[in-house]
Protein chains: 2
Amino acid sequence: VSATAGSPARADVRRVAVLGTGLIGGSIGLALAQREVDVVGFDASDERAARARELGAVGAVASSVEAAVDGADLVVVAVPVGHIAPLAIAAFDAGAPIVTDVGSVKAPVVAEIVAARPDRAACFVGGHPMAGSEQDGVDGADAHLFVGASWVLTPTTETDPAAFTTVRAMVGLLGAEAIEVEPAHHDALVALVSHVPQLAASTLMDVASAGGGEHRILMRLAAGGFRDMTRIAAGHPGIWPDILTANRDAVLQALDAYREALGAVRAAVAGGDREGLLDMLKRARIARRNLPVGTPPVEELVELRIPVPDRPGVIAEVTTLAGRLDVNVFDFEIAHSGEGGAGVIVLVAAATGADELEAGLQELGYHVARGALE
Amino acid sequence: VSATAGSPARADVRRVAVLGTGLIGGSIGLALAQREVDVVGFDASDERAARARELGAVGAVASSVEAAVDGADLVVVAVPVGHIAPLAIAAFDAGAPIVTDVGSVKAPVVAEIVAARPDRAACFVGGHPMAGSEQDGVDGADAHLFVGASWVLTPTTETDPAAFTTVRAMVGLLGAEAIEVEPAHHDALVALVSHVPQLAASTLMDVASAGGGEHRILMRLAAGGFRDMTRIAAGHPGIWPDILTANRDAVLQALDAYREALGAVRAAVAGGDREGLLDMLKRARIARRNLPVGTPPVEELVELRIPVPDRPGVIAEVTTLAGRLDVNVFDFEIAHSGEGGAGVIVLVAAATGADELEAGLQELGYHVARGALE
C-alpha cells in the first residue's frame, strides 16, 4: 500500500459499512459523512436503522449484512461486545475486505474471529474509541464525539499492513488519535481505567443510597466531589454484563488490586497512620494532575523512515513500540518497494519522544532514517 | 430572641470575626462583606491574614483572637479540624457571645468544646458547609461558593435558641440552605458521601497509576468517566489525615460497607452473575439520577407556629426532626413570650412534607398551628 502525500487518509476510505447504528455507529457515520465518505448502515432493528438514516448518520440502509458489505472498503462493527465476533465473521463471509470494531474488550473478540476465519484474520483490526456519552442510542450520536479522543487499535503479528493503514486512516478522519496496543494489554488497561472505575462508582452510589429513610437527607449532603465520582453510575447499565463477562479475568485482577489497596487504606485509618494516608493521597494527587487533557499542543513533527521486511508482524512491532513509549504518531504509511520484498514505513511523530522511538527501533534491529518535513 | 419580619437575618449579624482566613474563611468573609456585614479576620499566619485583607475577604485584620472577638456578634472558626476546638475555646475565653465552625467532622469537636467550657456549650453551634473547591488558600476564595449549597448545622439538646438563630441567619446571608442534623449522625453521613468517596477516588487513581512505565499509555486511555471519578483526588491532601483521624469510627464503618459491597461485586463478576451485576448497576443508576440538583424549585411555603417551653433542647428536637423528614426549612425564629417561660417557634417550611412534619411534632407532644404567609 502506498498512500499519496496529500491526503493519505482519504484514498483508502471511500465507502464504509457500519453494522450497528447506535450511539457509536451513528457518531462514526455522522463524522464520516461530513468527510464525504459514503456510509451504508445495517442494524438488526429496522427501526433503529431507519432512525439513523433520518438523522443522516447513514446515507443508505442495507437490508442485510451482505448488502451492507457489498462494495465497502471497510466494515465497522459497532454492536455490544457479545455480538461483535459473529457479526465480524458474517462480514468476512459476505466478502468484506477489512473489518474493524469498537468494542470495549479486545482479546477474546480477536481470538474468536481468528479461530473462525484464520484466512481473514490479517484483515481484522480491533478498535476501541475511548469516548462515550451518557446518552444512549442513535439520537445521542454526535459527529464530534471522537475529536481529540484516544482510539485504541490492536494490530497483532498477523495484521495486514494495508488493513491497518486503512483503519488508522478512518480513525484520523474522525479526528481521534490512534494508539496501538496489543489486545490483551488493552484489556488489562481498560479494566483499570474503565471497567473497575464503573464498578467502583456504581457500588459507592449503591452503598450510599442504601440507607433507606436516611437516603433523602444523605443525598442533600452530597457535594460536587460525590457527584463527580458517581456520575458514571448514571450511565446505561445494559452494556456492562457483556463487558464484565468478556473481560472477566482482567477485571478481577484490577478489582483485586483496588480492593487490596482499600484494605491498606483501611488499616492506615484504623491505625492512625497519618503519614501513610498522606503519602497515598499525595501520590494520587500528582498522578491525577498529570492526566493529559484535551488535544496535545502543536509540536514539532519528525518523519522517521524505517526500511522493513514486508511481513505482517512489522506493523504491530513498530506501532506498539510507539504506543509503549507514548510517542504520538500523527501519520503512518507503508510504501512498498515493489512486488513482495521490502518496504518502508514512513511515520510522522511528535519530536518529543522521537529520539526514544528511534533508539527503541534500532534496538529491535531496524535502521531508521530521519526524513525532512516541509 | 425575636426577629423582625422584614429581614430577620440581618438583625443579629452585624459584625463577624473569622478565625482562619483560608479558602472557606475567606469565602465567608467575601460573601458577608457583600451583605454589608463588618468582617474582622485573624489568622495564625500574618501573611495569610494580610492577603485576605488585600482581597477584601476581611475588612480588618486583628492581631489576636481577643482583638478579633471584641465586639463581634458571631465568631466563625474556619481552620483545619484538629485546630477547631482549641480556637473555639479561646474565642469563648475572649468573650465571644456565639461561636460556630466549618469543620468536616462534628461530634468530637462539639464534645471537646462542651467538656472544656460547659458554661458556654449552649452558644457553640457546629456547622459544615457542603461546598468546596479544588483551589486552596484565600486566593481561591469566592463570595458565591455557598450559594445553593447545603450547610449542616448540628444543634444539640444544650443549644441556646438565640445562638442557633444567629448562626442560621449567617448561613442564610451566604445563600446556603441550612440542614439540621445531630453531630454524630452528621459524621456518619459525611463518612459515606465525602470521606470514603475521597479515599475511594484517591485509591483508584493510585492503583491505576502504579503501573510505572505503563502509566503514560494508561493515562491516555483514561476517558471522561475516569476523569470525573478521580477529580477529587486532585484536591489538596493536607486536610485529610486530620479528618480521617477525627472521624475514624464512622469512616471505618462506611469503608467496610464499601469494601463488603465490592466483595459482592467481585463474586458476581467471578461467578458470571449477570443478573446480579445488572441489578446493582440499575439500583445505582436510579439513585444517581435521583440526586437533587442545584437549588430546589420554588415551592409553596407553609408557616408552622409551635408553642414551646423555653428550654434549649427544643431547638434540636424540632430542627433535627425536620432534617430527618427532609422538610426544607426556609426560615426559623423563636419568639419569646416574655421573661423565661414559654415561647413560639415560627418555622417556614416547604409545603411538601409540612404535613409529615406537623404529625411528627404532634407525636413529640407539640401543638402545632398553621400560620398564614402573605
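Cut-offs used in this document
- Residues numbered from 1 in each chain as written.
- Chains lettered and ligands numbered in written order.
- Predicted model: local features only at pLDDT ≥ 70, side-chain atom pairs only at ≥ 80, totals over all residues.
- Heavy atoms only, no water.
- Buried < 20%, exposed > 50% of the residue type's maximum accessible area, 1.4 Å probe, protein only.
- Helix = DSSP H or I, 4+ residues; strand = E, 2+ residues; numbered from the N terminus.
- Arc of directions from axis to C-beta.
- Contact = heavy atoms within 4.5 Å.
- Pairing = 2+ DSSP bridges.
- Right-handed = clockwise from strand over helix to strand, strands pointing away.
- Least-squares fit on C-alpha atoms with pLDDT ≥ 70 in both.
- Buried area = accessible area lost by both parts, 1.4 Å probe.
- Salt bridge = Lys/Arg side-chain N within 4 Å of Asp/Glu carboxyl O.
- Polar contact = N/O pair within 3.5 Å; in protein donor to acceptor, adjacent residues only side chain to side chain.
- Nonpolar A, V, L, I, M, F, W, Y, C, P; charged D, E, K, R; others polar.
- Axes fitted to C-alpha atoms, helices over the stretch in contact; angles between N-to-C directions.
- Parallel < 35°, antiparallel > 145°, perpendicular 65-115°, else oblique.
- Left-handed = near helix turned anticlockwise from the far one by under 90°.
- pLDDT = per-residue confidence, 0-100.
- Core = buried A, V, L, I, M, F, W, Y, C linked by side-chain atoms within 4.5 Å.

A look at helix α6 (residues 107-116) of chain A
Residue and element names in this part refer to chain A.
Here's step 1: For α6, the set of buried residues is V109, V110 and I113. Angular distribution of buried residues about the axis of α6 spans 95°; they occupy a single face of the element.
Here's step 2: Where α6 is buried, its residues touch α5 (81-93), β5 (99-101), β6 (124-129), β7 (150-154) and α8 (183-208).

What about the pairing of strand β4 (residues 74-77) of chain A?
Residues and elements named next belong to chain A.
Here's step 1: Across the two faces of β4 the burial is the same, with L74 and V76 and V75 and V77 all buried.
Here's step 2: Sheet topology places strand β1 (residues 15-19) next to β4; four bridges connect them, and they run parallel. Residue pairing across strands places V18 opposite V76, the latter belonging to β4.
Here's step 3: Where β4 meets β5, three bridges bridge the pair, whose relative direction is parallel. For V75, the partnering residue across the bridge sits in β5 and is V99.
Here's step 4: Following the backbone out of β4, through α5 and into the adjacent parallel β5, one traces a crossover that is right-handed.

Quick look at the relation of the copies chain B and chain A
Here's step 1: Between the two copies, chain B and chain A, the superposition gives an RMSD of 0.2 Å; the rotation angle is 179° and the shift along the axis is 0.0 Å. The superposition of one copy onto the other is thereby described by a two-fold rotation axis. Identified as the residue of chain B closest to the rotation axis by C-alpha distance is M229 of chain B, at 2.0 Å.
Here's step 2: A shared binding surface is used by both copies, with 97% of the interface residues of chain B retained as interface residues in chain A.

Quick notes on the interface of chain B and chain A
As a measure of interface size, the accessible area lost when the parts come together is often cited.
Here's step 1: Contact residues are listed per partner, giving 93 residues for chain B and 91 residues for chain A.
Here's step 2: Approximately 8,900 Å² of surface area, both sides summed, lies buried where chain B meets chain A, with 66% of it carried by carbon and sulfur atoms.
Here's step 3: The largest share of the area that chain B buries against chain A comes from R220, L221 and R288 of chain B, three residues that together contribute 10% of it.
Here's step 4: Between chain B and chain A we count eight salt bridges in total.
Here's step 5: Put simply, R274 of chain B and D242 of chain A hold a salt bridge, and the shortest N to O gap is 2.7 Å.
Here's step 6: Summed over the shared surface of chain B and chain A, the result is 25 residue pairs in polar contact (both at pLDDT 80 or more).
Here's step 7: Take the side of chain B that touches chain A: its biggest share by element is 18 residues, from helix α8 (residues 183-208) of chain B.
Here's step 8: Grouping the constituent residues of the side of chain B that touches chain A by class yields 53 nonpolar, 17 polar and 23 charged.

Some thoughts on the packing of helix α5 (residues 81-93) of chain B against helix α6 (residues 107-116) of chain B
Angle between the axes and distance between the axes: these two values describe a pair of packed helices.
All names here are of chain B.
Here's step 1: Running from amino to carboxyl end, α5 crosses α6 at an angle of 30°, the nearest separation of the two axes being 9 Å. Taken as axis vectors, α5 and α6 run roughly parallel relative to one another. Pair α5 / α6 crosses with right-handed handedness. Two secondary-structure elements touch here, α5 through V81, I84, A85, P86, A88, I89 and F92 and α6 through V109, E112, I113 and A116.

What about the confidence of the model for chain A?
Residue and element names in this part refer to chain A.
Here's step 1: In this model, chain A carries an average pLDDT of 86, and 87% of its residues clear a pLDDT of 70 or more.
Here's step 2: Across residues 1-10, confidence stays below pLDDT 50; counting only partners more than four residues off in sequence or on other chains, it has 14 contacts.
Here's step 3: In the predicted structure, residues 294-298 sits below a pLDDT of 50 and forms three contacts with residues beyond four places in sequence or in another chain.
Here's step 4: Listed scores for the predicted complex are pTM 0.73 and ipTM 0.74.

Comments concerning the sheet that holds strand β2 (residues 38-42) of chain B
Here's step 1: Strands sit in the order β3-β2-β1-β4-β5-β6-β7-β8 (chain B) across an open sheet of eight strands; the sheet is mixed. Only two strands of the sheet have a single partner each, and these edge strands are β3 (60-61) and β8 (177-180) of chain B.

With respect to the pattern of salt bridges
Pairing is possible between side chains of opposite charge, provided their charged atoms come close.
Here's step 1: Scanning the entire structure with this criterion turns up 29 salt bridges over all chains.
Here's step 2: The salt bridge partner of R259 of chain A is D256 of chain A, with a shortest N-O separation of 3.2 Å. Remark: D256 of chain A and R259 of chain A occur in helix α12 (residues 248-270); sequence separation between them is three residues, near one turn of the helix.
Here's step 3: The class for R259 of chain A is partly exposed, based on a relative accessible area of 28%.
Here's step 4: Three or more residues joined by partner-sharing salt bridges are found here, namely D228 and R231 of chain A together with D228 and R231 of chain B.

Quick look at the environment of A322 of chain B
Residue and element names in this part refer to chain B.
Here's step 1: Turning to its location among the elements, A322 is positioned in helix α14 (residues 313-324).
Here's step 2: For the pair A322 and E358, spaced 36 residues apart in sequence, the C-alpha to C-alpha distance is 9.5 Å.
Here's step 3: What A322 contacts, discounting residues up to four positions off in sequence, is V327, V329 and L357.

So, the nonpolar core
When a protein is soluble and globular, its nonpolar side chains tend to lie buried together.
Here's step 1: With 245 residues, the main nonpolar core has W151 of chain A together with I28, V75, W151, I306 and L347 of chain B as its most contacted residues.
Here's step 2: In this structure, I306, V318, I345 and A354 of chain A belong to the second largest nonpolar core, which totals 19 residues.

Quick notes on the sheet that holds β5 of chain A
The strands making up a sheet associate through hydrogen bonds between their backbones, and the pairing can be parallel or antiparallel.
All names here are of chain A.
Here's step 1: With mixed pairing, the eight strands of this open sheet are ordered in space as β3-β2-β1-β4-β5-β6-β7-β8. Edge positions in the open sheet fall to β3 (60-61) and β8 (177-180), since each of these has one partner strand only.
Here's step 2: Here β7 runs beside β8; their pairing, made up of four bridges, is parallel. Note that in β8 the partner of S150 across the bridge is E177.

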